[in-house]
Amino acid sequence: MTTCAVQAKIPCLFKTIVVEEPSGKRSHQPYRVVASEDVCDEAREAGIEDVHPSEKIDGTCTFVKTFMGKPWLWARHDRKPSKAADKRFKQFQLTHRMWLKEGKTGEEPQFSWNLEKDFKEVPPYWEPAKGVPMDGDMPLPDDNAHIPGWVPVDPSSRQHCWHLTPVDLNAGLALLLRPMKEKETADDLEIAAVPLSDLIGQSLELVGTNINANPYGIGSKSCPLHVLIIHGSILSQYRPPLDFQLLKSWFQSNSAGNVEGLVWHCKDGSMFKIHRHHLGLPWPIKDLYLNTRPVTVCVDPAEYEHNSVDQFSFFGKLHGRTFSGISDIHKAHVDATREGGDGPS
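Along every chain, residues carry numbers that run from 1 in the direction the sequence is written. pLDDT decides what is reported in this predicted model: residues at 70 or higher carry local features, side-chain atom pairs at 80 or more are listed and counted, and totals for whole chains, interfaces and linings draw on all residues regardless. To get the side-chain values, take all heavy atoms of the structure and skip hydrogens and water.

Over its 19 residues, helix H2 (residues 83-101) runs 27 Å from end to end, which matches the ideal 27 Å to within 8%, given 1.5 Å per residue. Note on exposure labels: buried denotes an accessible area under 20% of the residue type's maximum, exposed denotes more than 50%, and partly exposed covers the range between, all computed with a 1.4 Å probe on protein chains only. Where helices and strands are cited, they refer to DSSP runs of H or I of at least four residues and of E of at least two residues respectively, numbered from the N terminus. Here H2 has its buried residues at Ala 85, Phe 89, Phe 92, Gln 93, His 96, Arg 97 and Trp 99. The buried residues of H2 occupy an angular sector of 155° when the element is viewed end-on, so they sit on one face. Exposed residues lying more than 90 degrees from the buried face of H2 are Lys 83, Ala 84, Lys 87 and Lys 101. Elements in contact with the buried residues of H2: strand S1 (14-19). Looking one or two residues past H2, Gly 103 carries a phi angle of roughly 80°, positive in sign. Working rule for helices: expected span equals 1.5 Å times residues minus one. In this context, the arc is that of the directions from the helix axis out to the C-beta atoms. For this analysis, residues touch if any pair of their heavy atoms sits within 4.5 Å.

Structure representation (C-alpha cells):
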C-alpha cells in the first residue's frame, strides 16, 4: 500500500467544471466545482487504474516533523491574503469566469500578487508546505489564493488545544486510529499509542469531538475525544471502477459508500480524490461506514508514562476492550463516571 503525505489541496479524479450556483460546501462562495465524467489526464498518467483508494477522512490536516530537535506535531496553517487583496482576487475570479462563460471573447483577464504586501503575517516558525512553488525565496499562492503551510503546535496556545489532546509531546507519543495489526476481519480497527518518531514525514487527519462539527460522533461534550489517522491508511472496502455513474451509484446505494469521499495514492507520489460534493451528493450524512467498524483499544498503561487525566490515561483504562464503532467509545466514560472514575481532560 502506497501512502503519500498530504501537503496541499488534492485535485479531483475527474476533470472539473465550474457551475454558477452557490456552493453547498463553502458559505459565501457564489459558484460550485463539480466533476465531469472524464477522468483527468494526470490521473491516467499516474497509473490510477492500479491503485486501491482509501477513505477520505473529514477532519483537519496535521504533519509530523522535528521541531527544536524533537519529533513534533505540526498544524495546517495556510497563509491567506489580506482583506483588500482577497476582495481584489474575488473580483478577478468573477471576471475570469464570465470571460470563460462568454466563450473566451477578448483578452483573458490577468491577476498578479504583490507577495510582500498582499498576504497576512504568519505565526513564528511557520513553513510553507513541501512542493509549494517559489518565486525566489517567496512562496506562491495556489488557485484559491492560499499558501499551504505548517506551524508547530504550541502547548500554550488555545488555538491548538484540540491538536494537543491525542499527543504527548514530552513522551513523544501519538494516539492513532488505524487498521488493526492482528485482525479477525478486514474491518477491524485499533486505537494505539505510537512513537511520534515513527511518524516523521507523515501527514495525518485529526478527528474528534471539536473538529469540523464531528461528523463521526466521536466523544461528547462531557468526554471530548480526538485521534489521529494517517492519510491513506483506512482503505476503502471497495475498489471502484473509474466511472462517474458507477461511482455515484456506489456512494448512494452501498453502505461502504457512506464516506466523505475517496483518495487514490499513486506510486509516483501524486494523489487524486473524489468528494461527495463533486458528484452533487450531500455531506455530512448519517450512518457513516467508519462508525460500523469494530475498534479495539490497544494502549497498554504499563508501557507508557503519562498524565493521569489525559487521553492516554483514559484509553489506558480501556486497554483490550473492543467497541462496535468509534462513536461508542465515549460511552465508557459514562460508565466510568457512574463508578466514580474520570474521563479525559
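Okay, unusual backbone geometry next. Along the chain, Trp 283 connects to Pro 284 via a cis peptide bond; the corresponding omega equals 5°. Within the secondary structure, Pro 284 is located in the loop between strand S16 (271-275) and strand S17 (295-298). Despite not being glycine, Met 68 has its phi angle at roughly 55°, a positive value. Looking at the secondary structure, you find Met 68 in the loop between strand S4 (60-67) and strand S5 (70-76). Since its relative accessible area comes to 61%, Met 68 is described here as exposed. Residues other than glycine seldom take positive phi values, yet Asn 212 does so here, at roughly 50°. Examined against the element boundaries, Asn 212 turns out to sit in the loop between strand S13 (203-208) and strand S14 (226-230).

Turning to the pattern of salt bridges, a few remarks are in order. The term salt bridge refers to a pairing of a side-chain nitrogen on Lys or Arg with a carboxyl oxygen on Asp or Glu at a separation within 4 Å. If you walk through the whole model with that rule in mind, you get 9 salt bridges. In this structure, Glu 260 engages Lys 56 in a salt bridge whose closest nitrogen and oxygen atoms are separated by 3.2 Å. Taken as a pair, Glu 260 in the loop between helix H3 (244-253) and strand S15 (261-265) and Lys 56 in strand S3 (residues 54-56) lie far apart in primary sequence, 204 residues in all. Each member of the pair, Glu 260 together with Lys 56, is buried. In this structure, Asp 187 engages Arg 293 in a salt bridge whose closest nitrogen and oxygen atoms are separated by 3.7 Å. Note that Asp 187 is positioned in the loop between strand S11 (173-179) and strand S12 (189-195) and Arg 293 in the loop between S16 and S17, a separation of 106 residues in sequence.

Right, let's get into the sheet that holds S16. A pair of strands counts as paired when DSSP detects no fewer than two bridges linking them. Spatially, S3-S15-S16 is the arrangement adopted by the 3 strands of the open sheet, whose pairing is antiparallel. Edge positions in the open sheet fall to S3 and S16, since each of these has one partner strand only. Geometrically, the sheet is characterised by an average inter-axis angle of 30° between neighbouring strands, direction not taken into account. Bridging between S15 and S16 involves 5 bridges; their strand directions are antiparallel. Across the sheet, His 265 pairs through a bridge with Met 271, a residue of S16. To get an axis, a line is fitted to the C-alpha atoms, and for a helix only the part in contact is used. The angle between two axes follows their N-to-C directions and goes from 0 to 180 degrees.

Remark: a regular strand shows side chains that alternate across the two faces of the sheet. Burial runs high along S12: 6 of the 7 residues are buried. Two elements, S12 and S17, share 4 bridges in a ladder whose sense is parallel. Within S17, the position partnered with Glu 190 by the bridge is Thr 296.

From the geometry alone we can't say anything about function, so treat these as descriptive.
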